[in-house]
Amino acid sequence: MKKLLLLFHTLKYLRWPQFYYRLYHKIRKPTVTEVFAGTLAPRSKKWVSCTLYSEKITTDLFAIFLNHSKQLHLPADWNDESHSKLWAYNLHYFEDLLADNAQGKQAFHIELLNKWIDQNPVGHGNGWEPYPLSLRISNVLKAWQAGLPLEQRHFESLYAQASFLSKDLERHLLGNHYFVNLKALLFAGVLLNNKRWLTIATKGLLQEIPEQTLDDGANFELSPMYHALILVDMLDMYNLCQAYQDSVSSDLLNILAHYLPKMLSFMELMSHNDGGVSFFNDSVDGIAPTKQRIICYALRLGFEFQPMNIDVAQTIDSNPSGYMVATHSSSKLIFDAANVGPDYIPGHAHADTLSFELSIGLERVFVNSGTSQYGLGEKRLTERKTVSHNTVEVDQTDSSQVWSGFRVAKRARVLNRNCQVVDNRVELSAAHNGFKKIFNGPIHQRALTLTNNTLKVTDTLTGRFNQAVARFYIHPAIDVKLKENLLMLKGEAFELIADITELHIALVDSTWHPGFGLSLNNKCLEVWFTTSESTIEFKWTEK
């Protein structure tokens, strides 16, 4: 019965087309129905080539994806999922065509493409699933624009891949998967001269871009990592539309130009002072291109970028997405006062409502636990649960009912958001009703106050509960000690203390996952509630 209720509270948010296309995918199998006629758009001198990645595969077939490396043995490794299906997916993306030293590896890349064509028959294996199929089509065509000397057989293969993809769009999933499907058809439609694909892509993107981009520029799945990935997709499509203005809709070019500045601003807002992404929902470093590479790409396309001034006392309420950001004297506080992302596609959501991350200068101090893997399993589920985030857990219950690998049932809703600067103090606050909705528990209210050298965190629970704990995960690079009644944190450039005399605390061993496949030992401060309110204040000085 419990599983049935979870399923009901999950499925009730889906849109009817998602049910229809899920059934459609089971009944109808995609095929290749179009053959390359030999007509090809010429390379455009207006195309802006940009290196986006570090090297992924060496010329002696040594590959590294998701922080796991191995010597490739093809064709077996195309569909070897012994490490993970996501690792096998990455092998089919062909991102190395856009990586460092790609220009010096063109002969190797042509050989690798030939191996892929010869060893991956139509419709068989990971490489023909729509997501890796979409990324590969776009990446190969971008590499061709940058000078990769593709031959007739490569274009014939790309044409067949796009034809197959056009019958296998992920409209049952929507979100970032459907988005990259449309991007691939846009590239193939323009460069391989197929009006049907171009029409599908243009119509879909004119709907999906405003659907998936909130008014503050955030991608609606509310993951800083996926935001960066989609931002690169948007820059790529803008690049294509600028280079082939006679072939694409001016409406599409205009909508890309409208949203891209907002997306660049949101990336900056949600980045730490070290340039990396913040770890809310499914988000880690090392998957999307770095912020610096993205900014370089945007500048070369003619966009402007304004870095955030973290020295001033300010607060930014990015209300459409729900995130709040405060800065003061080179410190940056990022606060998740957001609802679970789009109700009909919450697959990358965590139960992290009212969690926060803090950087002092260039050093991350308090960090959410991150994401080390996808798929099913206890580790994946634990990383999505409230227990793995800098927020309050009540009666060992999650603020939103995350389950399986990518499912959410009952969801927390955020209440009473507020932020202001008062007497050189930055104050953020919000509440959520997740515990009340799930088991008739309390409302959680959190207030954060940031000054030039302090952070005060006050949590209030209004309603019935048996036990509650606020967790503060500490970056692995920080030296952590308990001395008498003081918690002491030492970074490279600061020393932080917290008086814990009146608190019921525990300092426990934990792990931090800054990338897929990574697990670093760190410490977690647990502050257990003895009344309905808990307050802790952190004070720091520069070394």
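Let me sum up the structure you'll find in this document. (Residues numbered from 1 in each chain as written. Predicted model: local features only at pLDDT ≥ 70, side-chain atom pairs only at ≥ 80, totals over all residues. Heavy atoms only, no water.)

A few words on the sheet that holds strand β16 (residues 479–483). With antiparallel pairing, the eight strands of this open sheet are ordered in space as β11-β12-β13-β14-β21-β18-β17-β16. Across the chains shown, the open sheet's two edge strands, defined by having one partner strand only, are β11 (414–422) and β16. Between one strand axis and the next, the sheet turns through 15° on average, direction left out of account. Bridge count for β16 against strand β17 (residues 486–490) is five bridges, and the pairing is antiparallel. Bridge pairing in β17 places L482 opposite L487. (Pairing = 2+ DSSP bridges. Helix = DSSP H or I, 4+ residues; strand = E, 2+ residues; numbered from the N terminus. Axes fitted to C-alpha atoms, helices over the stretch in contact; angles between N-to-C directions.)

Another aspect to go through is a positive patch on the surface. On the surface, a cluster of positive charge is made up of R22, K26, K29 and R407. Structurally, R407 can be placed in strand β10 (residues 407–408). (Patch = residues over 30% accessible without salt bridge, like charges linked within 9 Å, V, L, I, M, F, W, Y side chains within 5 Å. Areas by Shrake-Rupley, 256 points an atom, 1.4 Å probe, with all protein chains shown as cover. Salt bridge = Lys/Arg side-chain N within 4 Å of Asp/Glu carboxyl O. Lys, Arg positive; Asp, Glu negative; His and termini not counted. Charge placed at Lys NZ, Arg CZ, Asp CG, Glu CD.)

A few words now on the environment of L235. Note that L235 resides in helix α9 (residues 224–243). Between the alpha carbons of L235 and L301 there is a distance of 8.0 Å; along the sequence they are 66 residues apart. Leaving out residues up to four positions away in the same chain, L235 has contacts with L260, I294, Y297, A298, L301 and F303. (Contact = heavy atoms within 4.5 Å.)

Below, the discussion takes up helix α5 (residues 130–145). Look at α5: 23 Å from first C-alpha to last across 16 residues, which is about the 22 Å you get at 1.5 Å a residue. Judged by how many residues are buried, α5 sits mostly within the fold: 16 of 16 residues are covered. One or two residues past the end of α5 sits G147, with phi positive at roughly 120°. (Expected span 1.5 Å × (residues − 1). Buried < 20%, exposed > 50% of the residue type's maximum accessible area, 1.4 Å probe, protein only.)

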